[in-house]
Amino acid sequence: MSDLLNILSWPLLAGGLLFFAAGSIGLLRFPDTLSRLHALTKADTLGLGLVVAGLSLRAGGVLEVAQMLLIWLLVLASGATACQLLARQSDEEGGDD
């Protein structure tokens, strides 16, 4: 069973890496600040969720899974809050880069 879970975790980890890469590329390629923030927060949130899911399949117990889920939830909340604050600040300054 452990070998099967390890094999199933690889696509989740690879998908998380793919979303992290897509968010980073979006940060570099999109023309304005709001588009960059949107790409980065959406892709990184989903990327971290996939990484947490992949690592949860490899975890030794429920405590490790709970800790990873708590970290993911904190990153969700802080990422959304920080993005909102940055978008408001950028909009007030008229920042179209």
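The name an unreviewed UniProt entry gives the protein chain is Cation:proton antiporter, with Stutzerimonas stutzeri NF13 as the organism.

**Digging into the overall build of the protein chain**
Broken down by element type, the protein chain carries three helices and zero strands. Ordered by position from the N terminus, the helices and strands of the protein chain form the series α-α-α. For the protein chain, whose C-alpha radius of gyration is 16 Å, the value lies well above the compact-globule estimate of 13 Å for 97 residues. Based on the C-alpha atoms only, the size of the protein chain along its principal axes is roughly 55 × 25 × 10 Å. Here the protein chain holds 97 residues, and the buried ones make up 22% of them. Of the contacts formed within the protein chain by residues at least 6 apart in sequence, a portion of 72% connects residues at least 24 apart. Accessible surface, the protein chain: about 6,600 Å² in total, of which carbon and sulfur atoms supply 70%. A distance of 5 Å separates the average location of the 5 positive side-chain charges in the protein chain from that of its 9 negative side-chain charges.

**Some points on the packing of aromatic side chains**
How two aromatic rings sit relative to each other is given by the distance of their centres and the angle of their planes. Per the stated rule, a full pass over the model turns up zero aromatic pairs. The ring of W10 has R58 lying over it, and the distance from NZ or CZ to the ring centre is 4.7 Å.

Criteria and cut-off values
- Residues numbered from 1 in each chain as written.
- Predicted model: local features only at pLDDT ≥ 70, side-chain atom pairs only at ≥ 80, totals over all residues.
- Heavy atoms only, no water.
- Helix = DSSP H or I, 4+ residues; strand = E, 2+ residues; numbered from the N terminus.
- Rg over C-alpha atoms; globule rule 2.2 N^0.38 Å.
- Buried < 20%, exposed > 50% of the residue type's maximum accessible area, 1.4 Å probe, protein only.
- Contact = heavy atoms within 4.5 Å.
- Areas by Shrake-Rupley, 256 points an atom, 1.4 Å probe, with all protein chains shown as cover.
- Lys, Arg positive; Asp, Glu negative; His and termini not counted.
- Charge placed at Lys NZ, Arg CZ, Asp CG, Glu CD.
- Phe/Tyr/Trp six-rings, centres within 6.5 Å; stacked < 30°, edge-to-face > 60°.
- Lys NZ or Arg CZ within 6 Å of the ring centre and 35° of its normal.

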